[in-house]
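Summary of the model geometry
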Amino acid sequence: MKEMKRYSLTLTVNNETHAVVTPPNRTLLEVLRDDLQLTGTKEGCGEGACGSCTVLVDGQPVRSCLTLAVAMEGRKITTIEGLAQGGKLHPIQAAFVENHAIQCGFCGPGMILTSQALLNDNPTPAEGEIRRAISGNVCRCTGYAKIVKAVQSLAGEER
Amino acid sequence: MKLPPFEYLEPSTVPEALSMLDAYRDTVQIIAGGTEVVNRLKLRLISPDYVMNIKKLRDLEGIVDHEQSIIIGANVSVNEIRDSSLLQHKYKAVAEAAFQVAAPPLANMGTIGGNILQNTRCQFYNQSEIVLKGLEVCHKRGGAICLAVKGGKRCFSVYLGDMATALIAFDAQCVLEKSGARRTIPIIDLFTGQGTQPLSIESNELLTGIIIPKQNGAYGSAYRKLRVRGSMDYPLASAAAFLALSADGKIAASRLVIGASGPAPRIVAGAPAALSGKLPEDADFAAAAEMAYELSEGVDNLALPGDYRKKMVRVFAQRALQGARTDMKRGM
Amino acid sequence: MEKFTLIGKNMKRIDTAAKATGEAIFSADLTLPRMLIGKALRSPYPHARIVAIDTSKAERLPGVKAVITAKDMCGDKWGVFRYTQDQQFLPTEKVRYVGEEVAAVAAIDEDTALQALTLIDVQYEALPSVFTIDDAIAAGAPQLHDAYPNNINVHVKIDVGDIEKGFNESYLVREDTFSAPEDAYFQGEPYAVVAQFDQAGNLEIWMPNAGPHMKAKPLSNVLKIPLNKVRVRKITIGGAFGGRSEISPADVICAFLARKALRPVKIVYTREENTVATRQAHALVTKIKTGVDREGKVLARDITCHMDGGAYSSTGPIATSVPFLCMEQAYRMDNVRYNGYRILTNKPIRGMYRVHGRAFACGIDIQLDMIGAALGIDPLTMRLRNARQTGDYTPTKSYVASCGMTESIVKAGEKSGWKEKFGKLPPYHGIGIGCNSVQTGFPMGIRGGSQAFIKLNEDGGITVITGIVDNGQGNDNMVVQIAAEELGLTPDDVQLISADTEVTPSDPGSYAMCETFIGGNAVRLAAQDVKKKLFRIVAGEFGIGVDNLTARDRKIFVTENPEKSMSIAKAVRIALSRNESISGEGSYWPNVDPKREWVKNPYGQLSETFSFGTVIAEVKVDPETGQVEVLEVTAAQDVGFALNPQVIEGQFEGGVAMGGQGGMLSEFLQWHEGRVLNPTQFGYLVPLAIDMPKINNIIVETIDPNGPYGAKEAGMSVAMSAAQAYCGAISNAVGVYFHDYPITPDKIVKAIEEKRN
Ligand SMILES: Cc1cc2nc3c(=O)[nH]c(=O)nc-3n(C[C@H](O)[C@H](O)[C@H](O)COP(=O)(O)OP(=O)(O)OC[C@H]3O[C@@H](n4cnc5c(N)ncnc54)[C@H](O)[C@@H]3O)c2cc1C
Ligand code: SF4
Ligand code: FES
Ligand code: FES
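Within any chain, residue numbers begin from 1 and follow the written order of that chain's sequence. As they are written, the chains are lettered A onward and the ligands numbered 1 onward, keeping that order. Side-chain atom pairs in this predicted model are given and counted only at pLDDT of 80 or more, local residue features only at pLDDT of at least 70, and totals for whole chains, interfaces and linings cover all residues. As a rule here, side-chain values cover all heavy atoms of the structure and leave hydrogens and water aside.

1. Observations regarding the nonpolar core
With 248 residues, the main nonpolar core has F96(A), L534(C), I730(C) and Y741(C) as its most contacted residues. Discounting chain neighbours no more than four positions away, the residues touching I730(C) are V619(C), V621(C), V628(C), L665(C), F738(C), I743(C) and I748(C). The term nonpolar core refers to a set of buried residues drawn from Ala, Val, Leu, Ile, Met, Phe, Trp, Tyr and Cys, joined through side-chain atoms within 4.5 Å. With a 1.4 Å probe rolled over the protein chains alone, any residue whose accessible area is under 20% of its type maximum counts as buried; one over 50% counts as exposed, and the rest are partly exposed. Counting 55 residues, the second largest nonpolar core, distinct from the first, contains L9(B), A32(B), I81(B) and Y219(B). In this description, contact between two residues means that some pair of their heavy atoms is separated by no more than 4.5 Å.

Okay, structure coming up:
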């Protein structure tokens, strides 16, 4: 095996800074899960095609399985663990729970973060906009109806 | 899935990047958004010694409106293109293509440069070891056979980028820089047409920008893409069309480009002759679409059968031409 | 006063807040001290003799802590049934499909483990392979197993009534053949296992499962340790859909690695491995001959079905039967013959899938449409004329205690506007209907029943202990809901210990939709046992009879005089001080015929009750591209009683996505010489949010006499009938009946072209 240089990184995750030492060939997903024990971020495919590894980088949904951890220095990363504050569910999490948008829950973290990113950009998305925004996230259980409903419940006045 | 080992380079200026490319020629792989190249690395389709992240290069950002053209930096994300009102209004095909790339989160990461410079794909090639191990080595992996086409003497892998097809409809150019040199070539010339080595960019060259010339008079454009699902999927057939009308409402200039139908996007060379001087009507569009059909290669190496995809090139060429007619507007 | 406080209400699931915050731990999320990473070496050949395996180089690689091959196991063959014992978890003699495990390593990290795999040298002698049903049963075909001549793994034969007479009396007889390639489960969570041994030789193991006890027994057998040393632990599970019920080689390999390395080992499958090396769903070719009278009533049916089972038996006898059984439950018929053959090929192993056999289910239904068209009877009426009714016996002699088939057809028809639409829609616009029925369990030997315990705390809270497992469908919540309802507690008062073979009693697992019916009944009985004991105490204190008491709001009160009450906490404390046991116990054994056997005796009560569902789909087809836009879907199912309506709706909606949208439009495995060409989400196209139509849910309640509160199962009849409805709708839109599934755009374009010519 090639010996690789190790990089000392400072990652800002959920408003906390973490010092991480890693070779460059590791994804953000691996560092979050294995080094920072933030296992709420899931690996469903490792190839960008399912969305379960979604985290927010500077507020935008990003596939952590396709992102090099070394490139994340100085970026603001939010994982599913960073949403609930003071032991209280974030409104988007509460909406998913209330609306039965979670079955097995494997897609949940990615779906919730993607939905929240949409609401941040567009507080009043129409149903079609919601469906499009979450169409990079595969859910095998729900058929999406209740997920869409959960996001709609926070979507304010429909346009 | 794990990435292979590599060393990491992160230039902060273009000259620095160019000198790194020069120094590590042939052993360095550029990564922009990473949405294509990371998978190629993970599948071990490539194993470079160095991976060079170009996302810190500020000079590759921005969509700038110049007198004669619009210049798009190579690092501009696909979503920025989708959302640009300038492009939406004046280069509809380009914005429409961006709207249909992958899914919104991927198009947020993916850049226009990476999109254009993606490699060709094939079901017998973009696979992990579980499929490839024990399988005969095909042309694209350095062997001498094709698994998709029995007896195939060459590689029929398919170029599935959405953006290039649309950009070529506007005769867009790209700027390639290397240490001490710079060339501007039509995007169509980036493509070799060879499945094994589909791109003609040199290993020490950096794509820095895309130049779309401005149009005069009345013109319109459109991009149409076939996919099974409403999001996420690569195209299974695609077409971009550009139409410009003279004062009498007849077609003065046109370009029809097809994608997802061979190792390179292709300009339907006969289309302008078939259309020029005529009113933009379906019957003539059909003749051009028929040429698109003739030009396309339908091979059984993607999600749906090749003969079907070939037929769909005709349908989507026709629809792109119709879309361009609908988009018709005055020049800028 | 309302009858129930929780049951029948939209109760927020108890497990989903932890899933929404990322707190819920799935198998791959586990980390244990000194844990190693395990990886399996897989066969690159579809069929080959293993000549030699040299692991010495891998063993010498620094960081490698264990390497195992078949030599480390004792060569036992495993099978779900005694007569299907044919699979070694690491094969000694030959490999039978591309991707089969041949050796495995455990190392300090993934990179090292992967490198070690490259250092294992396996010498193979390639053997001729078979990849299709036809090739496998052809004379002189290569044989996979000595035990199954002509590669016929299972033959299920059912013959009821007199089909020849039935056909003779028929006004119209049709015979058609339907086919479909394999589908894949594509659970959200790729398979993962973590195993560790302690000094005393106890195994602790975590993995997605559909029944911990079904995993524990084979582990105990192959590891040669008693069952009480096998502790399959509870873990959050990312979907099963029938594919995670049996032992997986990964479980066994992980346990052997952990035992050899004396360290915990984790194996996490890639998406590709999950597709190739867990289970797939069968490919089918089904020949159906149906005879009807003038009114469209089925008089006789003769069905021959060939299923491509892949390399090993798995649940073969069950899988070969269930498509037929669902159909015989759904529709009446007196004379029927079924020959189901499961054929072995050099392809990955096939198991039970939520949408059992699309080429079977859709074939039956679309043929009814064809017959209806010939007789001038519309498809909905065809269904009504053949629908199963309460009080019937199925051809294989199951009594149907409650049946809402007709009601589901009628209600779905009304909601979807069937009458106004069928035959009246514009060109390339279509509507279609499908009906089906599923079991709520079947005879499963000694593991056929479920038991539950309830323990009380001095403050009146309880802990329920049950073997029920939750794969994502909400079973944990169902247990808490039932226990809290019975005892007048809030869900917060209930703690759950479930799906852990060390502490939880026997349970069939989340298999064949039996958890609500069997496990739910057991929990209810355990709660009633506690209630009876508490009431005895309170009745004594109040000097009244136990029959006059009610438990609600954490209190036990006199039904006629609610002011007179005692808190449950106080009742518990009285019991404790008197040394009176108030723990509860419940067990439920379904009323099924224990003599019924899949192959030897496929007659007798199969399942205590059945669910019945109807789906109607409306579609628009683009005739140039063959793309299908689904406008609206109406799903109706007799669920017995809706314990938690939104959970049921979620099952309907998920069923429409998997069975209809995916199963009929886009999902199928593509092959090249035994290799799956689309093992990832890139090529295996699971529906996305943007693809899904509007879904109308209709819950039909028949209040089953024996289900808990009358409940049966939630949503599987919908998943199956959705495929049929999509098939009918597309056929109706195009004006061509489709025989090969899924109905991808290329098939539609071809059909339209052929029709034009
Ligand atoms: C699930 C999924 C679906 C997808 N669907 C589509 C789709 O529908 N349509 C589509 O077009 N694409 C699709 N893609 C591919 C990809 O996401 C896009 O093409 C994206 O725009 C690529 O951009 P990137 O910046 O991420 O490229 P990268 O992966 O960073 O790079 C791609 C290639 O370009 C080279 N490169 C990048 N920038 C430069 C530069 N400035 N100079 C020289 N070389 C450079 C890299 O070395 C690499 O070889 C999909 C990907 C995934 C994972
Ligand atoms: S088209 Fe043929 S040569 Fe090219 S990648 Fe596919 S199988 Fe290989
Ligand atoms: S794990 Fe990253 S998209 Fe699937
Ligand atoms: S809830 Fe299971 S994958 Fe979405």
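2. Topic: the domain arrangement of chain B
In this entry, domain limits derive from an automatic or database-based domain assignment. For chain B, the assigned domains read domain 1 (1-54), domain 2 (61-117 + 158-213) and domain 3 (221-331). The C-alpha centroid of domain 3 of chain B is placed 35 Å from the C-alpha centroid of domain 1 of chain B.

3. Re the interface of chain C and chain B
Taken together, the contact pairs 35 residues of chain C with 34 residues of chain B. Accessible-area loss on putting two parts together, using a 1.4 Å probe and summing over both, is the definition of buried area adopted here. Regarding the contact of chain C and chain B, the summed buried area is about 2900 Å², with carbon and sulfur atoms giving 61% of it. Counted as salt bridges are all cases of a side-chain nitrogen of Lys or Arg within 4 Å of a carboxyl oxygen of Asp or Glu. Summed over the shared surface of chain C and chain B, the result is 4 salt bridges. Across the salt bridge formed by E753(C) and K311(B), the nearest N and O atoms sit 3.2 Å from each other. Distance and chemistry together define a polar contact, namely a pair of N or O atoms within 3.5 Å, with one atom able to donate a hydrogen and the other to accept it when in protein, and with adjacent residues in sequence counting only for side-chain atoms on both sides. Our enumeration of links across chain C and chain B arrives at 12 residue pairs in polar contact (both at pLDDT 80 or more). Each helix is a run of H or I in the DSSP string that is no shorter than four residues. Each strand is a run of E no shorter than two, and both are numbered from the N terminus. Counting only elements with at least two residues in the side of chain C that touches chain B, the list comes to β1 (36-42), α3 (110-118), α8 (271-277), β29 (675-676) and α19 (745-756) of chain C. Element by element, the count of residues in the side of chain C that touches chain B is highest for α19(C), at 4 residues. For this classification, the nonpolar set comprises Ala, Val, Leu, Ile, Met, Phe, Trp, Tyr, Cys and Pro, the charged set comprises Asp, Glu, Lys and Arg, and every other residue, Gly included, is treated as polar. A breakdown of the residues in the side of chain C that touches chain B according to their chemical character gives 16 nonpolar, 8 polar and 11 charged.

4. A few points about the packing of helix α12 (residues 306-326) of chain B against α19(C)
Packing of α12(B) against α19(C) leaves a shortest axis separation of 10 Å and a crossing angle of 75°. Our classification of the angle between α12(B) and α19(C) gives roughly perpendicular. Note on element contacts: α19(C) touches α12(B) through P745(C), D746(C), V749(C) and E753(C), opposite Y308(B), K311(B) and M312(B). Residues belonging to the contact of α12(B) with α19(C) are distributed by class as follows: 4 nonpolar, no polar and 3 charged. For helices, the fitted line uses only the C-alpha atoms of the stretch in contact; every axis is such a line through C-alpha atoms, and the angle between N-to-C directions lies from 0 to 180 degrees. The scheme is simple: roughly parallel for angles under 35 degrees, roughly antiparallel for over 145, roughly perpendicular for 65 to 115, oblique for anything else.

5. Quick look at the site of ligand 2
Residue proximity to a molecule or strand is established when one non-hydrogen atom of the residue lies within 4 Å of it. Neighbouring residues of ligand 2: 13 residues in total, closest C122(B), C138(B), C146(B), C155(B) and F156(B). Considering only residue class, the shell around ligand 2 consists of 9 nonpolar, 3 polar and 1 charged.

6. Observations concerning the site of ligand 1
Taken together, 38 residues lie near ligand 1, and I30(B), G33(B), T35(B), T111(B) and D162(B) sit nearest. Around ligand 1, the neighbouring residues derive from chains A, B and C rather than from a single chain. Between ligand 1 and A102(B), the relevant distance is 2.9 Å, taken from an oxygen atom to a main-chain nitrogen or oxygen of the residue. In the environment of ligand 1, a nitrogen atom lies 2.8 Å from a nitrogen or oxygen atom belonging to the backbone of L207(B). The Shrake-Rupley method, run with a 1.4 Å probe, gives the accessible areas here. Residue values count only the displayed protein chains as cover. If ligand 1 stood free it would expose 980 Å²; the protein chains cover 97% of that surface. For the shell around ligand 1, a count of residues per class yields 19 nonpolar, 14 polar and 5 charged.

7. Comments concerning the pattern of salt bridges
All names here are of chain C. This model, assessed by the stated rule, comprises 71 salt bridges over all chains. R233 is paired through a salt bridge with E204; the nearest N and O atoms lie 2.9 Å apart. Within this pair, whereas R233 is found in the loop between β11 (230-232) and α7 (249-261), its partner E204 is found in strand β10 (residues 203-206), the two being separated by 29 residues in sequence. On the basis of relative accessibility, which here comes to 21%, the residue E204 falls in the partly exposed class. One salt bridge connects R332 with D392, and the closest N-O pair in it is separated by 2.7 Å. Within this pair, whereas R332 is found in the loop between α9 (316-330) and β16 (335-344), its partner D392 is found in the loop between α11 (379-386) and α12 (405-416), the two being separated by 60 residues in sequence. One salt-bridge network, in which partners are shared between bridges, spans E204, R231, R233, D500 and E502.

8. Details of the pairing of strand β5 (residues 69-73) of chain B
All names here are of chain B. For β5, the tally of buried residues reaches 4 of 5 residues, placing the bulk of the element in the interior. Judged from the 3 bridges that link them, strand β4 (residues 63-65) and β5 form a sheet pairing that is antiparallel. In the strand pairing of β5, I63 is matched with I72. Strand pairing is assigned whenever DSSP identifies at least 2 bridges connecting the two strands. In this structure, the hairpin formed by β4 and β5 is closed by a connection of 3 residues. Pairing geometry for β5 and strand β8 (residues 206-213), over 5 bridges, is antiparallel. Note on β8: the bridge partner recorded for G73 is G209.

9. Thoughts on the interface of chain A and chain C
At the junction of the two partners, chain A supplies 40 residues and chain C supplies 56 residues. Buried surface at the junction of chain A and chain C, both sides included, amounts to about 3800 Å², of which 55% is carbon and sulfur. On the surface where chain A and chain C come into contact, there are 6 salt bridges. Close ionic contact of K42(A) with D29(C) constitutes a salt bridge, the shortest N to O distance being 2.4 Å. Among the elements of the structure, α2 (91-98), α3 (108-121), α4 (127-133) and α5 (145-152) of chain A are those that each provide at least two residues to the side of chain A that touches chain C. The residue inventory of the side of chain A that touches chain C, partitioned by class, reads 18 nonpolar, 11 polar and 11 charged.

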